[in-house]
Amino acid sequence: MYVRQSRPAGSRGPSRTPHLLEMNRTALRVCVLLLAGLGRAAGGQEHDHNDENAPHSAEKGPSDSHWSYEDPGQWAKHFPACSGTMQSPININTETTIFSPQLRPIQLSGYSLPASQMLALKNNGHTVVLKLPESLAITGGYAQQYRAVQLHLHWGSPSNPGSEHTVDHKRFAGELHVVHYNTKYENFEAAVTQPDGLAVLGVFLEVGPRENPYYQQILEHLRSIQEEDGEVFVPGFNIAGLLPDNLHLYFHYNGSLTTPPCLESVKWTVFNQTVMLSKEQMSVLVSSLQTDDNHLLMNNFRQDQSLHRRWVLASFEPSSSRDRQVPAGGSSSVTAGHTSSFHAGDVLAVLFGVLFAITMLAFLLYVYKNRSQNARLDSPTKSKVIYTAATAENTA
Ligand SMILES: *[C@@H]1O[C@H](CO)[C@@H](O)[C@H](O)[C@H]1NC(C)=O
Ligand SMILES: *[C@@H]1O[C@H](CO)[C@@H](O)[C@H](O)[C@H]1NC(C)=O
Ligand SMILES: [Zn+2]
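Residues numbered from 1 in each chain as written. Chains lettered and ligands numbered in written order. Predicted model: local features only at pLDDT ≥ 70, side-chain atom pairs only at ≥ 80, totals over all residues. Heavy atoms only, no water.

1. Quick word on the overall build of the protein
Counting its secondary structure elements, the protein contains ten helices and 16 strands. Here the protein holds 396 residues, and the buried ones make up 50% of them. Of the contacts made within the protein by residues no fewer than 6 positions apart, 78% connect residues no fewer than 24 positions apart. Working note: accessible area of the protein is about 19000 Å², and carbon and sulfur atoms make up 55% of it. (Helix = DSSP H or I, 4+ residues; strand = E, 2+ residues; numbered from the N terminus. Buried < 20%, exposed > 50% of the residue type's maximum accessible area, 1.4 Å probe, protein only. Contact = heavy atoms within 4.5 Å. Areas by Shrake-Rupley, 256 points an atom, 1.4 Å probe, with all protein chains shown as cover.)

2. Let's talk about helix 6 (residues 279–286)
Within the span of helix 6, buried status applies to Gln281, Met282, Leu285 and Val286. One side of helix 6 carries all its buried residues, which in axial view fall inside an arc of 130 degrees. Exposed side of helix 6, more than 90 degrees from the buried face: Lys279 and Glu280 are the residues found there. Here the buried face of helix 6 lies against strand 7 (146–155), strand 11 (198–208), helix 5 (213–219) and strand 15 (275–278). (Arc of directions from axis to C-beta.)

3. Points about the nonpolar core
For soluble globular proteins, the rule of thumb is that nonpolar side chains tend to be buried together. By size, the foremost hydrophobic cluster in this structure holds 47 residues, and its most contacted members are Leu130, Leu151, Leu176, Leu201, Tyr215 and Ile239. Considering each element in turn, this core owes the most residues, five residues, to strand 7. Residues Val179, Tyr185, Leu257 and Phe316 belong to the second largest nonpolar core, which totals 23 residues. (Core = buried A, V, L, I, M, F, W, Y, C linked by side-chain atoms within 4.5 Å.)

4. Quick notes on the site of ligand 2
Neighbouring residues of ligand 2: His252, Asn254, Lys267 and Leu313. Here an oxygen atom of ligand 2 sits 2.2 Å away from a polar atom, N or O, in the side chain of Asn254. (Near = heavy atom within 4 Å. Polar contact = N/O pair within 3.5 Å; in protein donor to acceptor, adjacent residues only side chain to side chain.)

5. What about a negative patch on the surface?
A surface patch of negative charge is lined by Glu70, Asp71, Asp292 and Asp293. Assessed through its relative accessible area of 47%, Asp292 is described here as partly exposed. (Patch = residues over 30% accessible without salt bridge, like charges linked within 9 Å, V, L, I, M, F, W, Y side chains within 5 Å. Salt bridge = Lys/Arg side-chain N within 4 Å of Asp/Glu carboxyl O. Lys, Arg positive; Asp, Glu negative; His and termini not counted. Charge placed at Lys NZ, Arg CZ, Asp CG, Glu CD.)

6. So, the pairing of strand 4 (residues 118–123)
Where strand 4 lies against strand 12 (residues 231–235), five bridges are found, and the strand directions are antiparallel. When the sheet's bridge partners are listed, Leu119 is paired in strand 12 with Val234. The sheet contact formed by strand 4 and strand 5 (residues 128–131) spans three bridges and is antiparallel. When the sheet's bridge partners are listed, Asn123 is paired in strand 5 with Val128. The antiparallel hairpin formed by strand 4 and strand 5 contains four residues in its connecting segment, where Gly125 sits at a positive phi of about 90 degrees. (Pairing = 2+ DSSP bridges.)

7. Side note on the environment of Thr94
Note that Thr94 resides in the loop between strand 1 (91–92) and strand 2 (98–99). By relative accessible area, Thr94 is classed as buried at 18%. Spatially, the C-alpha atoms of Thr94 and Phe251 are 9.3 Å apart, while their sequence positions differ by 157 residues. A distance of 2.7 Å separates a polar atom in the side chain of Thr94 from a polar atom in the side chain of Asp168.

8. Focus: the side chain of Glu206
Following the sequence through the fold, Glu206 ends up in strand 11. For the buried residue Glu206, which engages in no salt bridge, the nearest side chain bearing the opposite charge is Lys170, 4.2 Å off. Among all residues touching Glu206, those that are not within four sequence positions of it are Lys170, Phe172, Ala173, Thr274, Val275, Met276, Leu277 and Met282.

9. Notes on the pattern of salt bridges
Counted according to the given criterion, the structure contains three salt bridges. A salt bridge links Lys122 to Asp229; the nearest nitrogen and oxygen atoms lie 3.9 Å apart. Separated by 107 residues along the polypeptide, Lys122 in strand 4 and Asp229 in the loop between helix 5 and strand 12 bring together distant segments of the chain. For Asp229, a relative accessible area of 48% translates into the label partly exposed. Residue Asp196 is joined to Lys184 by a salt bridge in which the shortest nitrogen-to-oxygen separation is 2.7 Å. In this pair, Asp196 sits in the loop between helix 4 (188–191) and strand 11 while Lys184 sits in the loop between strand 10 (174–182) and helix 4, placing the two residues twelve residues apart along the sequence. Of the residues examined, Asp196 reaches a relative accessible area of 14% and is grouped as buried. We classify Lys184 as partly exposed; its relative accessible area is 48%.

Quick look at the structure:
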């Protein structure tokens with residue numbers, strides 16, 4: 001995405017796409033029938049993945065004046081950016097995301113830390129923050145290089161999920177945010193005020209059957225930092241283990257820190273694959289830490305912010321679940337990706353349209369020729385032969 005230009009508004013129209021794709025599909029089917037071999041090659045366009053898994057993103061500002069999740073309406077009084085037009089989190093509507101083949105897999109380096117490297121883990125009254133050494137970096141997927149600063153979590157309560165981003169209005173149990181700053185700036189503080197200053201990786205947490213050993217490296221220390229400003233040093237581990245296996249599938253958009261000062265400096269990556277924690281682990285997360293007033297620190301997520309004029313890109317064609325709904329639609333894959341496979345769809349539609357026309361023409365000529373022949377010979381059996389031949393072709 002960073003590499004790509006934003007598309008002109010007109011090029012995205014969902015209304016036009018289905019039409020062409022539908023036409024493409026019909027043409028394809030006919031071609032398959034009439035030109036057996038050729039049609040097959042086109043059917044091979046099936047594209048890839050589609051996991052129902054999902055992750056999502058994060059932020060976190062340095063400023064720590066008195067703000068709370070109780071009164072987000074007040075944030076903008078002290079932090080004007082909080083009422084901006086590029087705020088996070090957002091709801092990700094998968095029907096309107098734009099497939100961007102230019103979005104390369106996220107690549108990480110230095111994420112595997114030795115146990116001898118101790119990391120500060122702190123309850124800052126809003127979340128639990130693990131400080132990360134600058135040796136951790138994003139080296140692929142973004143146009144620029146980003147260095148890690150910290151990671152932290154968002155969660156709900158024992159009875160409610162608490163991710164910040166939502167996907168089609170589904171809120172996940174929790175959300176991990178790994179915060180990085182652009183190496184073209186001197187440090188995090190310099191980067192946080194720049195439009196391309198930060199990259200945050202967001203991962204959705206869900207409850208699953210097994211204990212997650214990577215998250216356990218953090219969770220097992222929460223008891224010792226229950227009070228605000230509590231801090232402990234924990235052994236290093238493979239930080240990448242906190243992220244989903246699949247770093248190819250993600251959403252991307254321009255947004256902000258989700259806490260005051262809400263600066264609009266974050267290029268968000270929200271993974272489509274989620275990560276599982278056990279039920280016990282999730283309950284440790286939601287019921288261990290306390291806020292400054294000694295209440296349990298819960299529901300530390302911000303509500304969805306308006307998208308305004310922003311796009312949300314997807315690194316993948318969100319089609320698999322739909323394809324599954326189309327029974328026996330052998331040729332379908334290209335059609336599923338609404339906005340995304342637009343160009344390919346156009347080209348294929350035209351191509352098959354032309355092929356179809358040529359085939360029809362040839363077929364009609366053939367019929368016409370044989371007919372006039374038959375007429376001349378006046379042989380009723382000949383027309384039967386023609387009919388049989390056509391049938392044979394259809395089943396080829
Ligand atoms: C992942 O993408 C698929 C296809 O768009 C979507 O149905 C699903 O809700 C997404 N899940 C997450 C967590 O992003
Ligand atoms: C994010 O902002 C940059 C710089 O303004 C822009 O080039 C890019 O297209 C934007 N990305 C998206 C997904 O809108
Ligand atoms: Zn966050």
